[in-house]
Amino acid sequence: MDLERAYDRLLENPGVVLLLGGIDTGKTTFGIELVRRAAAAGISAAIVDAEVGQSTVGPPTTVGLRLCADIQELTRESLLVADELGFVGNITPRGHLLPLVAGTARLVAKAREAGCPMIVVDTTGYTSGINGQSLKYHKMQTVRPDFVVAFERGGELEPIVGISHRFTPAEVLELDVAQEIDVRSAEERMSFREQQFQSYFATGTSRWRVKPTVFMPTLPPEFDMRLLDALVVGMEDGKGSCVGIGVLEYDASEDFLRMVSPVTEGVRGLRLGSIKIDTDGRSKGPVDMRYLFRSE
Ligand SMILES: Nc1ncnc2c1ncn2[C@@H]1O[C@H](COP(=O)(O)OP(=O)(O)O)[C@@H](O)[C@H]1O
Ligand SMILES: [Mg+2]
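Below, the structure is looked at part by part. Since the structure is predicted, the reported quantities are computational estimates derived from the model, not experimental observations. (Residues numbered from 1 in each chain as written. Chains lettered and ligands numbered in written order. Predicted model: local features only at pLDDT ≥ 70, side-chain atom pairs only at ≥ 80, totals over all residues. Heavy atoms only, no water.)

Compared with an ideal rise of 1.5 Å per residue, which puts 16 residues at 22 Å, helix H6 (residues 186–201) spans 23 Å between its outermost C-alpha atoms and is within 8% of the ideal. Here H6 has its buried residues at Arg189, Arg193, Glu194, Gln196, Phe197, Tyr200 and Phe201. The buried residues of H6 occupy an angular sector of 160° when projected down its axis, which confines them to one face. Tucked into the core, H6 has its buried residues touching strand E11 (242–251), strand E12 (256–261) and strand E13 (269–277). (Helix = DSSP H or I, 4+ residues; strand = E, 2+ residues; numbered from the N terminus. Expected span 1.5 Å × (residues − 1). Buried < 20%, exposed > 50% of the residue type's maximum accessible area, 1.4 Å probe, protein only. Arc of directions from axis to C-beta. Contact = heavy atoms within 4.5 Å.)

So, on to the nonpolar core. Counting residues in hydrophobic clusters, the biggest one holds 31 residues, and the most contacted among them are Phe215, Leu219, Leu228, Leu248, Leu257, Leu272 and Met289. Listed by contribution, the elements that provide at least two residues to this core are strand E4 (84–87), H6, strand E10 (231–236), E11, E12, E13 and helix H7 (289–293). Other than its neighbours up to four places away in sequence, Leu257 contacts Trp208, Arg209, Val210, Phe215, Met225, Leu228, Leu248, Glu249 and Tyr250. Grouped together as the second largest cluster of nonpolar side chains are 30 residues, Val16, Leu20, Val52 and Ala150 included. (Core = buried A, V, L, I, M, F, W, Y, C linked by side-chain atoms within 4.5 Å.)

Running from amino to carboxyl end, helix H3 (residues 97–113) crosses helix H4 (residues 129–143) at an angle of 25°, the nearest separation of the two axes being 9 Å. With respect to each other, H3 and H4 are oriented roughly parallel. For the pair H3 and H4, the crossing hand works out as right-handed. Packed against H3, whose contacting residues are Leu97, Leu100, Val101, Thr104, Ala105, Val108 and Arg112, the element H4 presents Asn131, Leu135, His138, Lys139, Thr142 and Val143 at the interface. Among the residues forming the contact of H3 with H4, the class breakdown is seven nonpolar, four polar and two charged. (Axes fitted to C-alpha atoms, helices over the stretch in contact; angles between N-to-C directions. Parallel < 35°, antiparallel > 145°, perpendicular 65-115°, else oblique. Left-handed = near helix turned anticlockwise from the far one by under 90°. Nonpolar A, V, L, I, M, F, W, Y, C, P; charged D, E, K, R; others polar.)

Rendered as structure tokens:
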């Protein structure tokens, strides 16, 4: 199917549209253009961005919902600020499938509650192997898309496309990836991510002392708090929503942890992520939480 026919089909029957494809296959570009065309046709749309590494809506390490009805000129920049977030805690789905699937499902439910006839769900390029297939299968089970749009390059997507045909009632639109797409290098992807983190923290951060009892998962007794220095955390409002992300800072002089974040209001609990960064967005590497907690 060509792009134009796909847009027409989706605009004729507004519903939940799940975009699937490897990295750099044109998913996000397609999703934004679809929402733009929906707006022009008077259909209010939402984007649920389930990309945790190359985020469009909200900072990396989160999934984000953006209701697009109020946006005058729809560009990637205009989507940066989310209406609702879900914390995943890492920049890759690997090892974090549960918060990714649960968070995406919650945001799609929110968009449905808001009465959006069209909900575009953008996803990571993690589509292969047992875990990639499992991730997309469970995403389809919870999101219940009316349409799956598959961006195919070679045969890499065949297992997922087969699964969507056999295991879901969604209509599957198969598109060939545009030849002209330039695939970005790992460095370009990293620098894009750093910028996304930076622009999130650039709105001005506050610092405040946190009690060791506010975390999820709960810290074990006698826990060495130094180990959490520079860890990304999600800030939860106690009603099931994530209000933002921040970074922990360890104060050695008095042995306590401080939060560094642009968001200060409405925080009741902190969820531990599993990567460390500085507030310039530079990665300081992943953290194995089970090892830190000496836990299963
Ligand atoms: N149909 C297209 N023709 C040419 N270039 C495209 C097309 N769609 C996307 N691109 C370009 O390819 C790159 C990757 O697109 P993107 O939508 O971000 O992919 P994904 O979300 O699948 O990773 C971007 O630089 C984008 O501008
Ligand atoms: Mg994308």
